[in-house]
Each structure stands twice: as C-alpha cells, then as structure tokens.
Amino acid sequence: MKFPRSVRSCGASLAVSLLLSPVASAQRPAKPPATAPTTRTTTAAAASAANERTPAATFDTLLSADAYGVYAEVRMVGRQAASQEIAQLIAPLTLGGGAPPELLNLYEFIKANAEPLTEARLMFATMPVRAGLPEVLVAVEMPSVEEARKFLPELKQFIAVNVAPQPSGATTATLRGASPEEGANAGNRRGRRRARANTTEASARVDASKPPAAPPFQVKRSGQIIAMSNDAFTFKNLRGARDQALLVDEPGFQSARTRFGTDTIFVYFNTVRMFGSTKAKQEAYEKEYRRQEELAQAEARKRGDAANADTVSVGRDIADDQIVNTNGNSNSAVVSNSNTRVRTGTNANIASPEDEAPPPPPATPEATPSPKSEKELQEERQREQSRQFAQTLGSLVFGEGPMGSVSAWPESIGVGASLEADSVVVRGLFVNLADDQPLRPIPFLPVVLSGPSIAAEAPAVLPSDTDIFLTVSLDLPQMYDYLASMMKIIDLTAKSDEGKGGFEEQLTTFEKTNNFRIKEELLAALGNEIAIGLPATMLGVRSGKRAGDGAGISSFTSPIAVIALNDKKALQELLPRVLRAVGFAGATEESIIEKHGGVEVLTFSNGTLAFIDRFLVSTTDAETMRRITEAYNNGETLANNERFRDSTSWQAKQAVGQIYVSNEMLKGMFEDVAKAVTDIEDESIRAYLLRLDPDPGSITLSATRESNGLMHELHLPKNLLSLLTASDLINRELSTLRGNEAQAKWKLRMLHSAEEEHKESTGHYGTLEELKAAGRLNEEHETMELENYEIRLSVSGDKFEATATPKAYPKLGRRSYYIDHTGSLRGSDTGGKPASVSDPPVDF
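Residues numbered from 1 in each chain as written. Predicted model: local features only at pLDDT ≥ 70, side-chain atom pairs only at ≥ 80, totals over all residues. Heavy atoms only, no water.

### Structural notes on the overall build of the protein chain
Keep this limit in mind: Under the DSSP-based scheme used, a helix requires at least four consecutive residues in state H or I and a strand at least two consecutive residues in state E, with every element numbered from the N terminus. Burial classes: relative accessible area under 20% of the type maximum marks a residue as buried, over 50% as exposed, and values in between as partly exposed (1.4 Å probe, protein chains only). Whether two residues are in contact is decided by their heavy atoms: any pair within 4.5 Å suffices. For the accessible areas, the method is Shrake-Rupley and the probe is 1.4 Å, while residue cover comes only from the protein chains on display.
When you go through the protein chain residue by residue, the secondary structure sums to 26 helices and 25 strands. In the protein chain, which comprises 844 residues, the proportion classed as buried is 45%. For the protein chain, the proportion of contacts with a sequence separation of at least 24, taken over those separated by at least 6, is 68%. For the protein chain, the accessible area works out to roughly 43,100 Å², and carbon and sulfur atoms hold 53% of it.

Structure representation (structure tokens):
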C-alpha cells in the first residue's frame, strides 16, 4: 500500500524533524536590511555589547505570552539521538534513499555531538502574533554557557557545509515593501536558488579549510541559548516589554507543560493566538493585494492608459514567500509563488482595438413567462427552506470557518510524545480551565458533548472480529439543548413565506403528530454509551484470510451501531413510533420481536434492530445481524478477544471515549513482505525486510477526563511504523518493475476488449492488422508495442490468445502474462518465458 511520505516516515523522523527546521528555512533568503548595512565587525561588536547589557535568555524568559501561537520542545536531544530505539527507526531510512541527505546528515551531526547535547533542549516556535517577529524561530538550550560557546562554532560550520550560502550582495525583493526596481530580477535569482538546492551533495559542500561564508539566516547566542531564524530578530523583541507577561506564566501553558514534563516532545497550541495569527496574515495579504493593484493602476496611468487604468488588477493568489517581478520592458508585472504565476498589467488585461470582439447581436425579445401556479411557488419555497436548513444544520454541527467556531475549541492544547515499550505514545490535553465550559472531544464538531466517564460495555455485544471499534460517552440531553438553542436563535423556519411558526411550534407539532416527546421520553430512555463497529472492507481493505498466515478480516460487511439503554421496556414501546416518524416503513406496534437465544430481533423494511442485554443494536442487513446474534450467543464477542484485551489493557477503566483498530485490519493494508522480497535485488534491503515482524499490532486511543481538561492518549505500535517504512522501501525499489508489469496487464485487457468488439461486429476475432483497419485500436496503441514487454497475438477460429513477456528478465519485469477469449488474465514468474493458460489468475 502506498502511503504519503509524511506518514511513512513519521516514526523514524519524529525526534529529529523539528531539528531540520533551521536547515530547511535557511534555504529561503533573508530579508534585506531596512538601512544600509555596516561592516560585519561593527555589527558583531554592537550585538555583543547589546548582549552584555541584556540579561541572558533562558527558555522560560525567551518568549512573551503574545509572541507565538505554536511552541514546541524536544528534550534530551543527544540522549534520544544516541538511543537504540531511535537508531532502529532511523535505520530503514538510510536504505535506498529513504530520507533526504540533509536529514541524515543532521542526524549524524547530532549523534556526533551526543555528549554535549545529552541534556540539551530544542525549542521551536511559529505562527507569530506580534509584529516584527520571525516566522519560524528555533533555539537550543545547552547545559551551560561554556557548552553553548563551544557548540556555536560547530553548529555554524555544519550549516555552512550543508546549506548553500547566499551570494554576497545578493538581495531579494520580497512581497513586503518591494519596489519595481528591487524586484526586477527576483525571479532569476529564485531560479538560481532552486538550482543550488538541487545540486549534488558534493557540490553543496565547501572546503573546511576556508572560512565559511555568512549563512543566509541569523544565529545568535545569549547565555545558554543559541537561537536561529532566517528572519532578523533580537532577544529583546522576542521577550517584549519588561512588563509583558511571559509564556511560562500562562495558566494553560503551565498546565500542559507540567502534565507532559517527562515526555520527549512537548507541543503547545494556543488556539486563540493561532486564529489571530491567521487573521492577521489574511489582512496583510489583502492589504498587499490592494497596494499592488494601486501600483498597477498608477503604472497604467503613467503610460497614458488612463481610460483603461481601472481594469488593471493583480492576482489574489498571494502567499507569504511571493516575489514581485517587473520585467525590464516595464509593460507587465508578475506576482508569483511556487504554485502560481499570474501575469498582470496592461498587456495582460487590456485588449487592443484590433483584438476587441465585435459587439453582441441585439437581444431578441423573449416571451413573457407564464405565471407560476401556487403549487409551483410552494415547492420552490420548500426547496429553498430545505437548502437553508441544511446549511444551518451544517454550521451547527461543524462550526464556522476553516477550523470551526473559535468557541468550540479549547483555548489551549498541549501534546506530548515519547517512546514507551513497543509503542510511540502521543498524548493530547484539551486544557479546559473554566468549570462551566462543556467538554468537546472533537473540537471541529461542537455539537458533540462528552458525557460522564463510563466503563465501556459495547465490546461485550460486538463480534470478536470487529476491525474498527469506537465508543464514546455522550450527553444526549445537553446536545439536544445545544441544537435547540441554536435553532431558536437562527430560526429559519420562522422566516418562511408559509406563515409557519418557529422552531418550538414546529417541534410541538412534530411531537403531537408522532405521539412521543424527544427529550422527555426518547432521550430519557437512551443511555450515554454509543458505539460503532466497522468491517475492514468498508475502507477498501481486502477481506478473507491471507495465504499462509491466518490473518482474518471481519466476517460481517455492514456497519454496526450500538446504543446503551436506560429503560429498555420504554424504548421498545416507543420504537415503532420513532421509526415511523423518521421515515422507516414496516415497523408497527404489532411488529413481532423474534428471540434468538439472548437476542431479541426486530426486522423492518429498512434494516434490522436487536435488543442485546441493555443495548439497542442496529445494522442495515440481515446477514450482519445474524453474525452479531451468533457471536453473542456463542461468546465470540470483542470483549473476549485476547488481542483486543491485551491491546487495550493500558487504558483506564473509566473513560469518555475509546478507539481500537485491529491488527488484522492493519495487516491487510500491507502486502506480503516475504513475497515482495523475492523481487528486490538490494541485499541490504532484503535483509532488513526479512527481519520484520509481519504483525503491525493494534492502534488504540483513550479519552479521559482530568481536573484541567480532556486527555486523548494514542498508542501507535513500533511495528506499524516499521511496516510503513518497509512499504515505502518496497514501492520505491519496485516502482519501475511494477509499472512495467501494470502496463503489460493493461495492454492485454485493452486487446481483449478490442477483440470482443471486433467479434460482435464481424462474427470473428481479428489479427492486429484487422483490428487496426477496423479502428478498434487507437493511434497511440495500434501497434500494441511496449518498451519493456513484447506483446504477441494468435488468432485461431473462434479463439485467440495473447501474451506479454518481459524483454529483459528480470530487470524490466519478472512476471509474464496471458489472456484469451475467456477474458481471464493469468500470469506468474516464468523465468522470462511466455505465460500460458496454466498460470494462475491475477488481478488487474
């Protein structure tokens, strides 16, 4: 299975990815100074004098509370880099180009300096809130001032060797404050920077005997702290005014940092400042857009195009690293970034008289539309009302804006990560300092409100082979009140033209019509626990058992919903009326509930329901309900699954939510490593893959209440991370070979379709020449030739056979393929010989 690179390498690079930030950001040019620069000696002397007057910074005094929205720490950097656990995760990334050379060089640099960095901490901050702060700041806190002095030259040397320096005197016209003259050749310089970034490692290195060139970003030291950024900064500006509150004094930060004091990685998000930073950037982009538009209009007027000046506009696709480039002929402006290049100016937007389109023909008079009937008008009003209601419901459920409503998110979120036993453990604390604020386990779903902590009982109802299990404790009455209050505020129904009443009136009518009350009867009969069981096939994972290993996938095919009951008898009486009210036909008060052992089943036209113990169980098909019934009566439930119990044994007994993803499902997402090894020639990769444990383990998560918020704890097995890396290695090593094989299979499939079409038209199968003459093969594929496979077709009477054989076995392809008039595609590793009808069937 192919995974995104960020997911495939997350485990191995978890402890060092943040360290790469200064190297990556260094490739962006520094901002030009606001005033003419002095000599390097004078500048260094002034900075040194300023540092002597300013108290030395520490991690606790480095940043003010209003500086950044995101803050992160990596603790004991040297100890982690030298640990066996990290080495095992990094090892596969060194095989076959599995990681960028910069990352591996950085890892080796940290390992070489593991002793001085043993107790060192790395700090990373981004999403600036105050003006004048660098976009990204990285700092290292050494154990002592002396260690910081010693480490600083080595760090600078490493950067100089691994990051191409900016040429002396080269300045870049950035989006902010760039004049047309400054931006004249910015695009060419950007091209040169990209070319330098793509050079080989050898050409990127410099002679260590020569003094390194000035790095394209700033590196400063204050006491034990070494800070770096590609933007200009001062320790004073990071700290802010002396009376400014520090980040460490913020209650949310204190709660999160204390809670994750022993974790290797700590990350703190202040959602209020993150929203503020995003809003400020958007406003800055809009302001710059207007400025560029005014400049373009002024340029048009200057050239005498005053009549058309107002039509000049610039693209709105503005990004933080855009460069404004004005061509030398002064007749156009270009706003560009890595993704877009929008040309603006008079030449691009104003048509010449010769290019003007002819005036449109006069419009023909249209017939006056006939008036709509009252029924049509009523249907239109109903459609519009339904559309508005759907939009309103979406905003209530998902909140507003790209991150949802601000009020739905906790003010701050702390995250801790570390390696524990056989898992990578990630914990997230949704800090909730206000006692009256409801707990939302999913911030972007504000309607979901946590109920009390419970001991999950749904596993005692679901089948033992459930692949994905999710259970949550919800406060259904509070969720109902939330939705009702929002509907009363918006009350779209009160604005309709039909004269209907508001939400409360319509709710009363609904309850009277269906003879039950939602909150007082239906929700009162339901409990807090709501669970879902899903089969792997719903996510595209193949079902059945993999040959030779006995890894089974769930035997049911439909989702299962489980709801706890407070009053089983009351719900059984209400159920027919509730189902009728929501449009489920076939359920009446006289419906017969069939008993199967300890399960009571109710079947109706839209699905099946069952009462098991104190739970209501629902699914969409009878076969899945039969599997649920058999599993419960035979004691084959998830609660009795030994692997499930072992995987979740770390979880607290009382929780507000749990997630379990089975080992069998995760295993089904990966191909058989043992089979893939036979196609790989690199012995080091083969040896690594053969050592892997084929069982990835299970993913588990638990959400629990704490005194200061809601804690999510996720356990990711190390074996899963290893298999992700192995999958990346296999796909990278075999991408060319598998691409050739896929092309061969596709050609044979296409040939079979052409032959079937030809026979339907002519009554017989055709040769390649006949298919070509009849137009059955398009021009691109008419010869049926492949660069790496040889295609042969044989026609005999009412039968045909076609083969695809690699031209250079095994380099260009290991498998040969065969197809005939039956349409069955077959193939295997035949040692470079043509395949035949005796070979096993293969998937397309």
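From this point, the discussion proceeds with the structure in view.
### Remarks on the pattern of salt bridges
Opposite charge on two side chains makes pairing possible when the charged atoms of those side chains draw close. Rule in force here: Any carboxyl oxygen of Asp or Glu that lies within 4 Å of a side-chain nitrogen of Lys or Arg is treated as forming a salt bridge with it.
Across all of its chains, the model carries 35 salt bridges by this definition. Across the pair Arg257 and Glu73 runs a salt bridge, and its minimum N-O distance is 2.5 Å. Taken as a pair, Arg257 in helix α12 (residues 251-259) and Glu73 in strand β1 (residues 68-74) lie far apart in primary sequence, 184 residues in all. The exposure classification of Arg257 matches that of Glu73, with both residues buried. Across the pair Arg614 and Glu457 runs a salt bridge, and its minimum N-O distance is 3.2 Å. Here Arg614, found in the loop between β17 (607-612) and β18 (615-619), pairs with Glu457, found in the loop between β11 (423-431) and β12 (468-473); they are 157 residues apart in sequence, far enough to count as distant. Assessed through its relative accessible area of 29%, Arg614 is described here as partly exposed. The network of salt bridges with common partners includes Asp60, Glu73, Arg75, Arg121, Glu141 and Arg257.

### Concerning helix α7 (residues 101-112)
Rule in force here: Here the expected length of a helix is defined as 1.5 Å per residue gap, with one fewer gap than residues.
If you check α7, its first and last C-alpha atoms are 16 Å apart, about what 12 residues at 1.5 Å a residue would give, namely 16 Å. Of all the residues in α7, the buried ones are Leu103, Leu104, Asn105, Leu106, Tyr107, Phe109 and Ile110.

### A closer look at unusual backbone geometry
In this chain, Tyr809 is followed by Pro810 through a cis amide linkage whose omega measures 0 degrees. One non-glycine residue, Met127, lies in positive phi territory at about 60 degrees. Mapped onto the fold, Met127 is located in strand β2 (residues 121-128). Judged by relative accessible area, which is 18%, Met127 ranks as buried. Even without a glycine there, the phi angle at Asp613 is positive, about 55 degrees. Take Asp613: it is sitting in the loop between β17 and β18.

### Comments concerning the packing of aromatic side chains
Just so we agree on the cut-off: Pairs were defined over the aromatic rings of Phe, Tyr and Trp, the Trp ring being its six-membered one, requiring ring centres within 6.5 Å. Orientation was assigned from the angle between planes: stacked under 30 degrees, edge-to-face over 60, tilted for the rest. Criterion for a charge above a ring: Lys NZ or Arg CZ within 6 Å of the ring centre, and within 35 degrees of the ring normal.
Applying the stated rule across the entire model yields 13 aromatic pairs. Judged by centre distance (5.8 Å) and plane angle (70 degrees), the rings of Phe253 and Phe266 are edge-to-face. Taken together, the positions of Phe253 in helix α12 and Phe266 in strand β6 (residues 265-270) put the pair 13 residues apart, joining distant regions of the chain. Considered together, Phe253 and Phe266 belong to a single accessibility category, that of buried residues. Following the ring pairs from residue to residue traces out a cluster consisting of Tyr71, Phe253, Phe260, Phe266 and Tyr268. Above the face of the Tyr482 ring, Arg440 is positioned so that its terminal group lies 5.7 Å from the ring centre. Above the face of the Phe615 ring, Arg614 is positioned so that its terminal group lies 5.3 Å from the ring centre.

### Quick notes on the pairing of strand β3 (residues 136-141)
In summary, the side chains of a regular strand alternate between the two faces of the sheet. Selection rule: By the convention used here, strands pair only if DSSP detects at least 2 bridges between them.
Taking burial as the measure, the six residues of β3 include six buried ones, the bulk of the element. Burial along β3 is two-sided: the residues Val136, Val138 and Val140 and Leu137, Ala139 and Glu141 are all buried. As paired elements, β2 and β3 share six bridges and run antiparallel to each other. Directly across from Phe124, in β3, lies its bridge partner Val138. Alignment of β3 against strand β5 (residues 225-229), held across four bridges, turns out to be antiparallel. Residue pairing in the sheet places Ala139 in a bridge with Ala227 of β5.

### Focus on the environment of Leu748
Relative to the elements of secondary structure, Leu748 occurs in helix α25 (residues 718-762). Spatially, the C-alpha atoms of Leu748 and Ile819 are 6.6 Å apart, while their sequence positions differ by 71 residues. Once you skip the residues sitting within four places of it in the chain, Leu748 turns out to touch Ile791, Ala802, Thr803, Ala804, Tyr817, Tyr818, Ile819 and Leu825.

### So, the environment of Thr762
Quick note on the threshold: Any pair of nitrogen or oxygen atoms within 3.5 Å is treated as a polar contact; in protein, a donor-acceptor pairing is required on top of that, and neighbouring residues in sequence qualify only through side-chain atoms on both sides.
With respect to the helices and strands, the residue Thr762 is situated in helix α25. The partly exposed category is assigned to Thr762, whose relative accessible area is 36%. Sequence separation between Thr762 and Ala774 is 12 residues, and the spatial gap between their C-alpha atoms is 10.0 Å. Polar contacts involving the side chain of Thr762 include one to the main-chain carbonyl oxygen of His758, which spans 2.7 Å. There is a polar contact of 3.0 Å between the side chain of Thr762 and the backbone oxygen of His764.

### Some remarks on the sheet that holds strand β25 (residues 826-828)
Basically, it comes down to this: Between the N-to-C directions of two axes lies an angle of 0 to 180 degrees, each axis being a line fitted to C-alpha atoms and, for a helix, fitted only over the stretch in contact.
Here four strands make up an open sheet; going across it, the order is β22-β23-β24-β25 and the pairing antiparallel. A single partner strand is all that each edge strand has here, and the edge strands are β22 (789-796) and β25. Each strand of the sheet is rotated relative to its neighbour by a mean of 15 degrees, with strand direction disregarded. By the bridge criterion, eight bridges tie β22 to strand β23 (residues 799-806) in an arrangement that is antiparallel. Paired with Ser794 across the strands is Glu801, a residue of β23.

### A look at the confidence of the model for the protein chain
For clarity, the threshold we go by: Known as pLDDT, the predictor's confidence for each residue is given on a scale from 0 to 100.
On average, residues of the protein chain carry a pLDDT of 77, and 70% of them reach 70 or more. The low-confidence segment residues 315-357 (pLDDT under 50) makes 89 contacts with residues lying over four places distant or belonging to another chain. This stretch, residues 543-551, has a pLDDT under 50; its non-local contacts, to residues over four places away or in other chains, come to 15 contacts.

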